[in-house]
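Examination of the molecular architecture
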Amino acid sequence: QRPSKKTEMVNYGNVNHPSAEVIQAIKGTCEKISSDPSEVIPDADVIVLCMPVHQYRNALNRLAPYINRTKKDVFVGTIYGQAGFNWMVHEIERNYRLENVVTFASGLIPWICRTMKYGELGANYGTKAVNVAAVTPHNKFDQLKEIFFDDITTRWHGGKGVFHQACSFLSLTLSVDNQIVHPGRCYGLWKRYNQGKFGTSEDDIPFFYKDFDDVSAECMRLLDADYSRVRDAVRKAFPERDFKYMLDYLTLERVSHNSKNVNIKDSLKNSEQLALIKTPTMKLDDGTYCLNTECRFFTDDIPYGVLIARWVGQELGVNTPYIDEVIEWAGSIRGEKFLKDGKIDLDYCLQDIGKTGVPPAYGINDVKDILD
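Report follows, based on the coordinates.

Thresholds applied
Residues numbered from 1 in each chain as written. Predicted model: local features only at pLDDT ≥ 70, side-chain atom pairs only at ≥ 80, totals over all residues. Heavy atoms only, no water. Helix = DSSP H or I, 4+ residues; strand = E, 2+ residues; numbered from the N terminus. Rg over C-alpha atoms; globule rule 2.2 N^0.38 Å. Buried < 20%, exposed > 50% of the residue type's maximum accessible area, 1.4 Å probe, protein only. Areas by Shrake-Rupley, 256 points an atom, 1.4 Å probe, with all protein chains shown as cover. Lys, Arg positive; Asp, Glu negative; His and termini not counted. Charge placed at Lys NZ, Arg CZ, Asp CG, Glu CD. Pairing = 2+ DSSP bridges. Axes fitted to C-alpha atoms, helices over the stretch in contact; angles between N-to-C directions. Contact = heavy atoms within 4.5 Å. Salt bridge = Lys/Arg side-chain N within 4 Å of Asp/Glu carboxyl O. 1 Å grid on protein atoms, 1.4 Å probe; cavity = no way out; pocket = protein on both sides within 12 Å on 5 of 7 lines; lining within 4 Å. Points joined across faces, edges and corners; volume = space filled by probe spheres on them. Nonpolar A, V, L, I, M, F, W, Y, C, P; charged D, E, K, R; others polar.

We now examine the overall build of the protein chain. Counting secondary structure elements, the protein chain contains 13 helices and 16 strands. Taken against the 2.2 N^0.38 rule, which gives 21 Å for 372 residues, the C-alpha radius of gyration of the protein chain at 21 Å falls within 12% of a compact globule. Principal-axis analysis of the C-alpha atoms places the extent of the protein chain at approximately 55 × 55 × 40 Å. In the protein chain, buried positions account for 53% of the 372 residues. Summed over its atoms, the accessible surface of the protein chain is roughly 18,000 Å², and 47% of this surface lies on carbon and sulfur atoms. Charge centroids of the protein chain, computed over 45 positive and 50 negative side chains, lie 3 Å from each other.

Spatial strand order, E5-E6-E7-E10-E11: five strands in an open sheet with mixed pairing. A single partner strand is all that each edge strand has here, and the edge strands are strand E5 (46-49) and strand E11 (163-165). In this sheet, neighbouring strand axes are inclined to one another by 25° on average, regardless of whether the strands run parallel or antiparallel. Along the sheet, helix H2 (residues 56-63) makes contact with E5 and strand E6 (74-78), crossing E5 at roughly 150°.

Attention shifts here to the pattern of salt bridges. Across all of its chains, the model carries 18 salt bridges by this definition. Notably, a salt bridge pairs Asp 213 with Arg 185, separated by 3.2 Å at the nearest N-O pair. Of this pair, Asp 213 sits in the loop between strand E12 (197-199) and helix H7 (214-237) while Arg 185 sits in helix H6 (residues 178-192); the two residues are 28 residues apart in sequence, bridging distant segments of the chain. Of the two residues examined, Asp 213 and Arg 185, each falls in the buried class. Linking Arg 235 and Asp 232 is a salt bridge whose minimum nitrogen-to-oxygen distance equals 3.8 Å. With Arg 235 and Asp 232 both in helix H7, this residue pair falls three residues apart, about one helical turn.

This brings us to empty space enclosed by the protein. One pass over the structure, following the stated rule, counts one cavity of 30 Å³ or more. What the largest cavity holds in volume is close to 150 Å³. Residue lining of the largest cavity: 15 residues in total, with Gly 107, Leu 108, Val 132, Leu 172 and Leu 252 positioned closest to the centre. Taken together, the elements giving at least two residues each to the lining of the largest cavity come down to strand E10 (131-136), helix H5 (169-174) and helix H8 (249-257). Among the residues forming the lining of the largest cavity, the class breakdown is eight nonpolar, six polar and one charged.

Take the sheet that holds E12 next. On the basis of which strands lie adjacent, the open sheet formed by three strands has the order E12-E14-E13 and antiparallel pairing. Strands at the two margins of the open sheet, each flanked by one partner only, are E12 and strand E13 (281-283). Adjacent strand axes in the sheet meet at a mean angle of 35° when their direction is disregarded. Direction of pairing for E13 relative to strand E14 (residues 289-291): antiparallel, over a ladder of three bridges. Across the sheet, the residue bridging to Lys 283 is Tyr 289, located in E14.

Rendered as structure tokens:
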């Protein structure tokens, strides 16, 4: 679909959704649907996770016992590689003695898309101009591109969205999109709107991107500046890697979308693909709509986003003052204490499986071991 500038709702496929020009309708049939991994995983050649980041580890441990060990290769990956996905997969390889797994992750979700009706109808607003993925073993990239990557982008989008190979999963983990967009915007909304309280009418709720403001843009800029210092330290620590696709926000945005945006605010505020997305909210007892601090912007992008950058920075001697501020702010409203005495509190972060995605959660205690 191509987004329309109209604001009324239209009916398509018996579902009302924001007006859009339908370029192509694609129908398919799922051969098997199950919530039981034993019914669908053993025959799978390619296993793809499409879910919130903080659920990856749980899902991998559910499906690992049923991965077919007799196949030469079983490709296990995710459509969004934010949080050291290779660390998670290597964990199940060790625990379940899997020797035929090829791990992959797309750097960014290859398209902008939305669920119109759960399990029945989705809308795809187009692929990114350039997509990036990490694969290990590295020499399996071309095979995966042929059997999977091309099928989810170029085949349906007129040759657009070709996948390129990143030198490391760390490039995906420390490139910044959701990791700073979501926390930065939420922190900005918290600052601007009376601790994230918007009013009693749905019309009072700002659009997450279309109403992007200077306060949120500055929060994002400061987060990205901290990430840049961490990225610079990583390049210095691992000079043998080119880290071509380990990018700051605006550079990543220009590469992915072939855009010419020169500032953070305009890149989000003027995006037609993102224009209809509203801020996640919950309704208080007095009828006020407020920022939903239980959404994945908090459960994914703090413990599986900025906290990972904080650990890498800490191990490489990099100060990250604004990342610290955002972690402390989010923790204060969610009852979480990820930092203690100026360092990551590993006793707290590791007390529950899946609580955070910092490398020690997977037994990686030395920064030199974070590369695939």
